[in-house]
Amino acid sequence: MEAPPLFRLSSRPAFRASSSCLVWSRSNAAVVVTSIRQLSSSFRDGDFFPGSSKRRARGPVMAAKKEAEGEKQNEGKYKHTLNLPKTGFSMRANSAVREPEIQKLWEENQVMKRVAEKNGAGTFILHDGPPYANGSLHMGHALNKILKDIINRYKLLQDYKVRFVPGWDCHGLPIELKVLQSMDEDARKELTPIKLRKKAAKFARDTVVSQMKSFKRYGVWAEWDKPYLTLAPEYEAAQIEVFGQMALQGYIYRGRKPVHWSPSSRTALAEAELEYPEGHTSRSIYAILKMVQSPPDSSPLLTEFFPNLFLGIWTTTPWTIPANAAVAVNSQLTYAIVEVQPCENESTSRESKLKVGNVLKDESRKLFVVVALELVPTLQSKWGVKLEVKKTFPGSALEKCGYLHPIDGRECPVVIGGDYITTESGTGLVHTAPGHGQEDYITGLKYSLPIISPVDDLGKFTEEAGEFNGLDVLSDGNVAVVKFLDEKLSLVLEESYRHKYPYDWRTKKPTIFRATEQWFASVEGFRQLALDAINEVSWIPQQAQNRITAMTSSRSDWCISRQRTWGVPIPVFYHVTSREPLLNEETISHVKSVISTKGADAWWYMSTEDLLPQKYKHLASEYERGTDTMDVWFDSGSSWAAVLGQTEDLTFPADLYLEGTDQHRGWFQSSLLTSVATRGRAPYSSVVTHGFVLDEKGMKMSKSVGNVVDPENVISGGKSQKDEPGYGADVLRLWVSSVDYTGDVLIGQQILRQMSDIYRKLRGTLRYLLSNLHDWKPEHAVSYEELPKIDKFALYQLENIVNSVKESYETYQFYKIFQIVQRFVIVDLSNFYFDIAKDRLYVGGTEGFTRRSCQTVLAAHLLKLTRILAPILPHLAEDAWQNLPFEYSLSDGSAAKFVFQSKWPNPDDQWLSLPSQDINFWRKILELRSEVNRVLETARAGKLIGSSLEALVHLHADDPATSSKLQELCEAKNDADALTRIFITSQVEILPSPAGSAAVPFEGELAGEDGSKIWVGVSRAVGSKCERCWNYSSKVGSFADHPTLCKRCYDIIEGPLPVVVVADAR
């Protein structure tokens, strides 16, 4: 395996000493039994024999079971000559006890640290995206951390120096709100900023401890003793450093512009802090604004329609009408002046959900409205009127026209907007309020429009809004504006409009766009650098690159200031009179040095004089510190600066970032922007993204719906162990490996039961291997050249599996590993190799060649399978490794006491050198075996046979070459390659032609793709049944001293007998 002769092993005692054992003495052929019943638990059907079928022959095994259970038999004198499986590796995982024991073993021996330090293939850094320190973990956390752990453990086996520093995001509004909610009203009144910060810090640290415990229970390896926390002074100082570098390069500025504002949180929000739930309904209105002026050079165009000419607009935010500064049109669209005329079937044309404005009810007045020509039919139907086109013209002709503001009566201009003005909805004219919309703001800059935003922090109108002062813009303020417009005959129609609308992701309440003084990072200043950096990164899945490219291309400047207490302060001072900010290299450097030793709390408890550098201390009375804190995405987006590059082996950039797909607009992007702005490149070489976790029906999990699957319950069990049994961490990890995480993934009790069944098959496979190697030593290994053909084919299959699994680990396609290993264990091992190996393992002599050759192959499977499973199922792999009946030695001669010390299996090209014709022949044998099994089952159903050992199989191949090869297997020099062992029948014969139906009552046929055919027939085996192996043979009765044995068993009995040691069962 690692080096000739197949293994690099040194023997060690198979088990701990036990007071119970069985000893046979050939001198008197007597059996001394101390405690035979202790064997019974080891011989449960299916425990040692995964995939066994009751239709197959298991004579010696069944006989041993009966004796182990204490049953008396008349013909049981050869039971002690069987080499029965023995191991202390229990079929029952007992994960509630065993997994914590294994984790404690790892921790006490510092396995991860020692393995990483000893590895020599270079470093591998997967930089952890910090989960929010706010509450219990959910299944998304489990998916994320287990995926990371699978990768890290694989890299450890690949000889990399893996460093995985876990992190937590500890600042921000959710934690602040949790603290406030835990206090009564009187306590809140006495709460100072520094007291709030101390309480928030304690809450965050307590949560970190709780979440860390859960992550450890998942089996996640990390440097738990030194995580990074965004509230740590050294982290905060690193963040200030990033901010300072960006500021000194001109990428940080202060300005008044519209931002997402959360009235419920009373702070500005970044795009990543928003969510867009389905089902939001807004009050949308169609309104008209009275025109008062035509462009100087186009007076004939509109003059004839005055004074009854209006601009038609549509908005879903009527509360922004007080802030209106212009109406924007698209210069490329064609517009029309339409005359509004009554419609005969008005009452039936309007939908009941529409509220018609008073202006349409006054049919006596002439009304001309400007709208986009393309929308005339739609508006005519919706408004329930006839719209007669009087004149058309391009949008550019409307520039510099004037209209009266519908509330305060001031004159406002018509301006040319961008391509955001379309005919998909509305009227083709856009109400423009630069203080309440990003596109409006950009248009406003072009025309120097006033930025009006008469809304306060609570989302209520200010005195600037006149009669609407004090009203909540999203509720009664909205209603009041609509009512006012209707009273002034400006409202055409009001209707409900369902659309996606931004909500505060923390409070789950709607936000508004509002112009305020904020600090911004100028993405425009380094956008192209960021786009270039994206192209240098490997994105998995590939479409992730398109997503982050689109988001980075279209994002506006990043609002990084927040009006909250719990966070890292923006290190700026304001002149008390002019309000001019003081922010330069000296001030930033001094604040950073203070925070690095005292923490960010110092910003709140130290005096302004102490916070200012020496150069400015004499001006302390003229300045005051700012109260804004940084966006938490700036916190986490600076993690690369706080963690990577801090030591020699924590290299920058990280090899890998891995988070959920929502982080394209969150952590992936904030990290990219801060790193590109200060380092000129992305902080990661590769990025892997995963989807969300849904329930078994594909629905989002919700406590109110009752479909939440808690990872803690999956591991330990829920309130009802019947409905929610505990499966252990490895079953949860197996589920993670089974899903294609690049999309959304499903989990539920049915899926977990399936995972548990598959886990049991894998555990049973390892137990089979361990139990049949109880007496094996390295010196027993058979060289590859001497192995039987079937054993060479088994090693060829194994090596292919290892290579395929490695390729899937390298490409992070763990679901392929799940599929590959599952099929290999069930189809290639359990249903084939393990099934046919039992005869030579149990019945073959202890030192028999075919038994030792089989054990050589089983040892190879055990050592390689355990290691390729270890990243996904570390507890199972370690449990098996601790029960190895021999010691595995590394190339330097040291013993691998833990599975992760053993390294990834070395490739063996010799095993893959099997000639293609031999490979194809063995594949045909597998197909033939399936057909033989089908005919045997038919014969059993027809009462011709019971066990398959009662059968004689007849074969005829019409292809001479195939017939010759089958004959070779019938006459194989070693028992392992014999067709009787492959089919698990007593006899096989090759016929020159198909036998008649009378002689062979049951038959079948295998047709090859090349047109060749192999006829299969089954009849009763000839001869008598061997008492020891249960095969039928004409040689039974030929040996006077052992008249009930066949020749094979007679030869074995005359050789040395096995000595059995019973291990403690776990």
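Residues numbered from 1 in each chain as written. Predicted model: local features only at pLDDT ≥ 70, side-chain atom pairs only at ≥ 80, totals over all residues. Heavy atoms only, no water.

Engineer: Describe the pairing of strand S38 (residues 1002–1007), listing the residues and the values that go with them.
Structural biologist: Judged by which residues are buried, S38 turns out to be one-sided: Phe 1002, Gly 1004 and Leu 1006 face inward and are buried, whereas Glu 1003, Glu 1005 and Ala 1007, on the alternate face, are not. Both S38 and strand S39 (residues 1013–1020) contribute to a ladder of six bridges, which runs antiparallel. Counterpart to Gly 1004 in the pairing with S39 is Val 1016. The antiparallel pairing of S38 with S39 creates a hairpin that spans five residues between the two strands, and Gly 1011 there sits at a positive phi of about 95°. (Buried < 20%, exposed > 50% of the residue type's maximum accessible area, 1.4 Å probe, protein only. Helix = DSSP H or I, 4+ residues; strand = E, 2+ residues; numbered from the N terminus. Pairing = 2+ DSSP bridges.)

Engineer: With reference to specific residues and values, describe unusual backbone geometry.
Structural biologist: In the segment running from Phe 306 into Pro 307, the intervening peptide bond is cis, with an omega of 5°. Among the structural elements, Pro 307 can be located in the loop between helix H9 (299–302) and strand S12 (309–315). Cis geometry is adopted by the peptide bond preceding Pro 541, which originates at Ile 540 and carries an omega value of 0°. Within the element layout of this structure, Pro 541 appears in the loop between strand S24 (538–540) and helix H16 (543–554). The backbone phi angle of Gln 110 is positive, close to 45°, even though this residue is not glycine. Secondary-structure assignment places Gln 110 in the loop between helix H2 (95–108) and helix H3 (111–118). In this structure, Lys 400 is a non-glycine residue whose phi angle is positive, near 75°. Along the chain, Lys 400 falls in the loop between strand S17 (386–394) and strand S18 (402–404). By relative accessible area, Lys 400 is classed as exposed at 57%.

Engineer: So what about the confidence of the model for the chain? Which residues, and what values?
Structural biologist: Looking at the chain, pLDDT values average 89 and 90% of them are 70 or higher. Below a pLDDT of 50 lies the segment residues 346–352, which in the model reaches 10 contacts outside its immediate sequence neighbourhood of four places, other chains included. Counting contacts from residues 1057–1066, a segment whose pLDDT is below 50, to residues more than four positions away or on other chains yields 36 contacts. (pLDDT = per-residue confidence, 0-100. Contact = heavy atoms within 4.5 Å.)

Engineer: Mind laying out the sheet that holds S38, listing which residues take part and the relevant values?
Structural biologist: In spatial order, the strands read S37-S36-S39-S38; together these four strands make up an open sheet with mixed pairing. Each edge of the open sheet is held by one strand with a lone partner, namely strand S37 (987–990) and S38. Within the sheet, the average angular offset between the axes of one strand and its neighbour, ignoring direction, is 20°. With seven bridges connecting them, strand S36 (residues 951–957) and S39 associate as antiparallel partners. Residue pairing for S39: His 954 is matched across the bridge by Gly 1017. Those strands touched by helix H30 (residues 916–941) are S36, S38 and S39, and its axis lies near 155° from that of S38. Strands S36, S37 and S39 of the sheet are contacted by helix H31 (residues 960–970), whose axis makes an angle of about 150° with S37. (Axes fitted to C-alpha atoms, helices over the stretch in contact; angles between N-to-C directions.)

Engineer: Please provide a residue-by-residue account of the nonpolar core, values included.
Structural biologist: Trp 735, Tyr 833, Leu 955, Leu 966, Leu 979 and Ile 982 are the most contacted members of the largest nonpolar core, which totals 174 residues. For this core, the element with the most residues is helix H27 (residues 814–843), which contributes 15 residues. Those residues in contact with Leu 966 that sit more than four places away from it in its chain are Phe 921, Ile 925, Leu 928, Leu 955, Ala 957, Leu 979, Ile 990 and Ile 1014. (Core = buried A, V, L, I, M, F, W, Y, C linked by side-chain atoms within 4.5 Å.)

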